[in-house]
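Examination of the molecular architecture
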Amino acid sequence: MSYRPESDLVNQRPAWAALLADYEGLRGTALRELFATDPTRVERLTFDACGIVADLSKHRITPETISDLVALAEQSGLRAHIDAMFAGEHINTSEDRAVLHVALRAPTDEVITTDGVNVVPEVHEVLDRMSSFATAIRSGTWRGHTGRTISAVVNIGIGGSDLGPVMAYEALRFYSDRSLTMRFVSNVDSTDFVEATHDLDPESTLFIISSKTFTTLETMTNAHSARQWLLDSIGDDAAVARHFVAVSTNAEEVARFGIDTDNMFGFWDWVGGRYSMDSAIGLSTMIAIGPDNFREMLRGFHDMDEHFRTTPFDRNLPVLMGLLAVWYRNFFECQTMAVLPYSQYLKRFPAYLQQLTMESNGKHVTLEGADVEVDTGAVYWGEPGTNGQHSFYQLLHQGTTMVPVDFIGFAQTNNPLGDHHDILMSNVFAQAQALAFGRTAAEIEAEGVPASVVPHKVMPGNRPSTVLLSQLLTPYRLGTLVALYEHSVFTQGAIWGIDSFDQWGVELGKKLAQAIIPELTSSAEPTLSHDASTNSLINRYRAMKHR
Ligand code: F6P
């Protein structure tokens, strides 16, 4: 493969050795010292991409570390890897697929080709159909089976067919049509469906069944329950056509379910589930915020794509963020990374990022199938500030584990109210400051704190963070933020030489569950041939259910 470096593993590249030396030099160096010795540090380590200012100065790096990380990216073939993605090569090798989510936000005049086909016209054809449909729902032109306008939209999907739509709806709720009730059902736990629909009127409810494959157990189970819920009330099979639409790549299964394929919005196998919120999977988002705002979001995605594709690595924000993730994972051996948005609207952003980062980079073999030999993807987690401060920040400040943090904040709020926003943002700056610089025993003693309490109050500091600051959370800004993380994930995967676009690890559990379902439901005693623990749990479950 042309875009892969010549055979070596990441830890055999010359820059790896240089980074090990950097790490040895920096592991005992305090951020206080790095700030004191370089007055230009903040200026040299602050970057700007599409209106996002990123302060990387509170990282345990020097500008020389950045040079060595960039050298690692170059030696890992990152440039060729990026070019291969944009050229539509099948860089998802284990599934033999192109990876072209960047085409989903390409303007009409761009040409992005895979397998000899320019995919951009198809993308815009679907976007135009989505726009017409979203407008028909929002204007009341599209009516339910009994003539009522649609007032509630329920997206049924899971994983990438849920997390992106929920996150985007919550993030952009300010821009949404408040007369529409938006709900999201993902869990096969019946509670999810029942609670989401308990106050809805079937005659004015639209279901969007979102599933790339249209075979996912959870989604199909919920979709069948939704159809039954509708028919129990309306009692006419013909109602399905006015109350169900599908988003999928699998027209055959959509038709088999009973949804007219005229009411299907397609996408392509080169869109990974966790990279699909800006495809037709975003139909619920478009209905909520309107086609114009949706296209603004796509413009944000595209601008970040261009930044990623064209900016030299030493100023390329997604590349730098990806390299920092590698730096902490492989040299400082950090196991987790926290993403802490100081915006209530971004409350589902960490959950969205968990699938994006962990399903992409939780891999143990290289593209060639060899043991990767170094640690790969970290555990990502987070909650919106300031809530997290009163929960888990204690460990971030004084625990024994170093957790690199991304703070996300905005200069303005959509909802000005007294001095709330200044208070909110003062906490971003204060938390990043406290993590980086801490408080020494001497500083605490100087305040007259009793000697026995001093050690408890010491804040070790030296805990790294990025602050991402931009003007206001808008559809455009959300697009840039999501693309920033997508390309950071890409960068990490390219350095480690893994396939960031497959997800074989989720298959085994699905297969085993399929085998266990009949063993739980059969009236006759099943012959169990699992391990002893699984057999025992199945038997106890059956006994509790009196089967
Ligand atoms: O859990 C694995 C997975 O394949 C995800 O990658 C995907 O986003 C999700 O299931 C849902 O898949 P589908 O859209 O095909 O229902």
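Before going into details, it helps to say that this report is about the structure given with it. All values reported here derive from a predicted model rather than from experimental measurement. (Residues numbered from 1 in each chain as written. Predicted model: local features only at pLDDT ≥ 70, side-chain atom pairs only at ≥ 80, totals over all residues. Heavy atoms only, no water.)

Here's the deal with the overall build of the protein chain
Heads up, the rule is: Helix numbering and strand numbering both begin at the N terminus, where a helix is a DSSP run of H or I of at least 4 residues and a strand a DSSP run of E of at least 2. Our radius of gyration is a C-alpha quantity, and the globule rule it is checked against amounts to 2.2 Å times the number of residues to the power 0.38. The classification of residues rests on relative accessible area computed with a 1.4 Å probe and restricted to protein chains. Under 20% of the type maximum is buried, over 50% is exposed, and intermediate values are partly exposed. A contact between two residues is defined here by any heavy atoms of the two lying within 4.5 Å. Note that accessible areas follow from Shrake-Rupley with a 1.4 Å probe, and for residues the cover is restricted to the protein chains shown.
Of regular secondary structure, the protein chain possesses 22 helices and 13 strands. Since a compact globule built from 547 residues should have a radius of gyration of about 24 Å, the 25 Å found for the protein chain is in line with a globular shape. In terms of its C-alpha atoms, the protein chain occupies a principal-axis envelope of roughly 75 × 60 × 60 Å. When each of the 547 residues of the protein chain is scored for burial, the buried share is 55%. Contacts spanning at least 24 positions in sequence make up 74% of the contacts within the protein chain whose residues lie at least 6 apart. Carbon together with sulfur atoms contributes 52% to the accessible area of the protein chain, which is approximately 22900 Å² in total.

What about the packing of aromatic side chains?
Short version of the rule: Stacked, edge-to-face and tilted labels apply to pairs of Phe, Tyr and Trp rings (six-membered ring for Trp) whose centres lie within 6.5 Å, assigned for plane angles under 30 degrees, over 60, and everything in between, in that order.
Within the structure shown, the criterion is met by 25 aromatic pairs. Centre to centre, the rings of F35 and F437 are 5.0 Å apart; their planes meet at 85 degrees, and the pair counts as edge-to-face. Placement of the pair is F35 in helix 2 (residues 31-37) and F437 in helix 17 (residues 420-437), with a sequence separation of 402 residues. For F35, a relative accessible area of 23% translates into the label partly exposed. Look at F133 and F265: their rings are 5.4 Å apart centre to centre, the planes differ by 50 degrees, and that puts the pair in the tilted class.

As for the sheet that holds strand 7 (residues 205-210)
Note the threshold: The criterion for strand pairing is that DSSP finds at least two bridges linking the strands in question. To get an axis, a line is fitted to the C-alpha atoms, and for a helix only the part in contact is used. The angle between two axes follows their N-to-C directions and goes from 0 to 180 degrees.
The strand order 6-5-7-8-9 describes an open sheet built from five strands, whose pairing is parallel. At either end of the open sheet lies a strand with only one pairing partner, and these are strand 6 (181-185) and strand 9 (264-266). Adjacent strand axes in the sheet meet at a mean angle of 20 degrees, parallel and antiparallel pairs treated alike. With four bridges connecting them, strand 7 and strand 8 (residues 244-248) associate as parallel partners. Residue pairing in the sheet places I209 in a bridge with A246 of strand 8. Docked against the sheet, helix 6 (residues 120-139) engages strand 7, strand 8 and strand 9, running at close to 145 degrees with respect to strand 9.

Here we look at the pairing of strand 10 (residues 336-341)
Put simply, the rule is: A right-handed crossover is one whose linking path, passing over the helix from the first strand to the second, runs clockwise when the strands point away from the viewer.
Taking burial as the measure, the six residues of strand 10 include five buried ones, the bulk of the element. Where the polypeptide runs from strand 10 across helix 15 (residues 349-361) and back to strand 11 (residues 379-381), its parallel neighbour, the crossover connection is right-handed.

Focus on the site of the ligand
Where we set the bar: A molecule or strand has a residue near it when one of that residue's heavy atoms lies within 4 Å. In the analysis that follows, any N or O atom pair within 3.5 Å is treated as a polar contact, provided that within protein one partner can donate a hydrogen and the other can accept it, and provided that, for residues neighboring in sequence, both atoms belong to side chains. Residue polarity follows a fixed list, in which Ala, Val, Leu, Ile, Met, Phe, Trp, Tyr, Cys and Pro are nonpolar, Asp, Glu, Lys and Arg are charged, and the others, Gly among them, are polar.
Near the ligand, the surroundings consist of 14 residues, among which S161, S211, T213, T216 and E359 are the closest. Here an oxygen atom of the ligand and a backbone polar atom of G160 are 2.8 Å apart. Within the side chain of S161, one N or O atom sits 2.6 Å away from an oxygen atom of the ligand. Contact with the protein chains removes 87% of the 390 Å² of surface that the ligand exposes when unbound. A class-by-class count of the residues in the shell around the ligand yields two nonpolar, nine polar and three charged.

Here's the deal with the sheet that holds strand 12 (residues 405-410)
Strands sit in the order 1-2-13-12-10-11 across an open sheet of six strands; the sheet is mixed. Looking at the sheet topology across the chains shown, the edges are occupied by strand 1 (46-49) and strand 11. Across the sheet, the mean angle from the axis of one strand to that of its neighbour is 20 degrees, orientation sign disregarded. The sheet contact formed by strand 12 and strand 13 (residues 465-470) spans six bridges and is parallel.

So, unusual backbone geometry
With an omega dihedral of 5 degrees, the bond running from G385 to T386 counts as a cis peptide bond. Looking at where T386 falls in the secondary structure, it is placed in the loop between strand 11 and helix 16 (393-398). Positive phi outside glycine occurs at E373, with the angle close to 70 degrees. Positionally, E373 belongs in the loop between helix 15 and strand 11.

Quick word on the packing of helix 1 (residues 14-26) against helix 14 (residues 317-331)
Two quantities define a packed helix pair, namely the angle between the axes and the distance from one axis to the other. Stated precisely, the cut-off is as follows: Under this scheme an angle from 65 to 115 degrees is roughly perpendicular, one under 35 degrees roughly parallel, and one over 145 degrees roughly antiparallel; angles in between are oblique.
Helix 14 packs onto helix 1 with a crossing angle of 75 degrees between their chain directions and a minimal axis gap of 11 Å. In terms of their interaxial angle, helix 1 and helix 14 are classed as roughly perpendicular. Contacts between helix 1 and helix 14 involve W16, L19, L20, D22, Y23 and L26 from the former and W327, N330 and F331 from the latter. Among the residues forming the contact of helix 1 with helix 14, the class breakdown is seven nonpolar, one polar and one charged.

Quick notes on the environment of S190
By the secondary structure assignment, S190 is in helix 8 (residues 190-197). Linking S190 and N222, residues 32 residues apart in sequence, is a C-alpha distance of 7.9 Å.

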